[in-house]
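# Structural overview
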Amino acid sequence: MTLISAGVSAGFSLAGLLRPGSDDSFARYAASRSVALLLTVLIALGIRSRMAIAFLGIAMTVVQAFDGVIGALAHDPSKTYGPFAFAVLNALAVGWLLRGQASPANDPVKS
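What counts and how
Residues numbered from 1 in each chain as written. Predicted model: local features only at pLDDT ≥ 70, side-chain atom pairs only at ≥ 80, totals over all residues. Heavy atoms only, no water. Helix = DSSP H or I, 4+ residues; strand = E, 2+ residues; numbered from the N terminus. Polar contact = N/O pair within 3.5 Å; in protein donor to acceptor, adjacent residues only side chain to side chain. Contact = heavy atoms within 4.5 Å. Salt bridge = Lys/Arg side-chain N within 4 Å of Asp/Glu carboxyl O. Core = buried A, V, L, I, M, F, W, Y, C linked by side-chain atoms within 4.5 Å. Buried < 20%, exposed > 50% of the residue type's maximum accessible area, 1.4 Å probe, protein only.

### Digging into the side chain of Asn-90
By the element assignment, Asn-90 lies in helix H4 (residues 78-102). Of note is the side chain of Asn-90, whose polar atom sits 3.1 Å from the side chain of Ser-5. Ignoring sequence-local partners within four residues, the contact set of Asn-90 consists of Met-1, Thr-2, Ser-5, Gly-57, Met-60 and Thr-61.

Structure below.
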């Protein structure tokens, strides 16, 4: 879920950056951060670090929630509900990941 969220963020920021007539330094900053997050998620997945994936999932949850707030302030439903949905799904995925890590599977109780 975090990979999809980071990919969507990077895709939209790059699309905004590469559109004709785009000379916005804010778009460049947004694209650089979005691509950096995407690459970091790919690295965390590659090395199979559950804790790194969890932290990046939390970061993407916050990013998507802020994107939803920005969409709401712009009165644009497509830029509001999509990011909020990603934020909720990311939060659920992080909760599932951390919950699975907190309880060892079928470990016998030692006395």
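### Considerations on the pattern of salt bridges
Counted under the stated rule, the structure contains one salt bridge. In this structure, Asp-76 engages Lys-79 in a salt bridge whose closest nitrogen and oxygen atoms are separated by 4.0 Å.

### Considerations on the nonpolar core
With eight residues, the main nonpolar core is built from Ala-6, Val-41, Ala-44, Ile-53, Ala-54, Leu-56, Met-60 and Leu-97. Those elements that provide at least two residues to this core are helix H2 (25-47) and helix H3 (50-73). The biggest single contributor to this core is H3, with four residues. Aside from chain neighbours lying at most four places away, what touches Ala-6 is Leu-38, Val-41 and Met-60.

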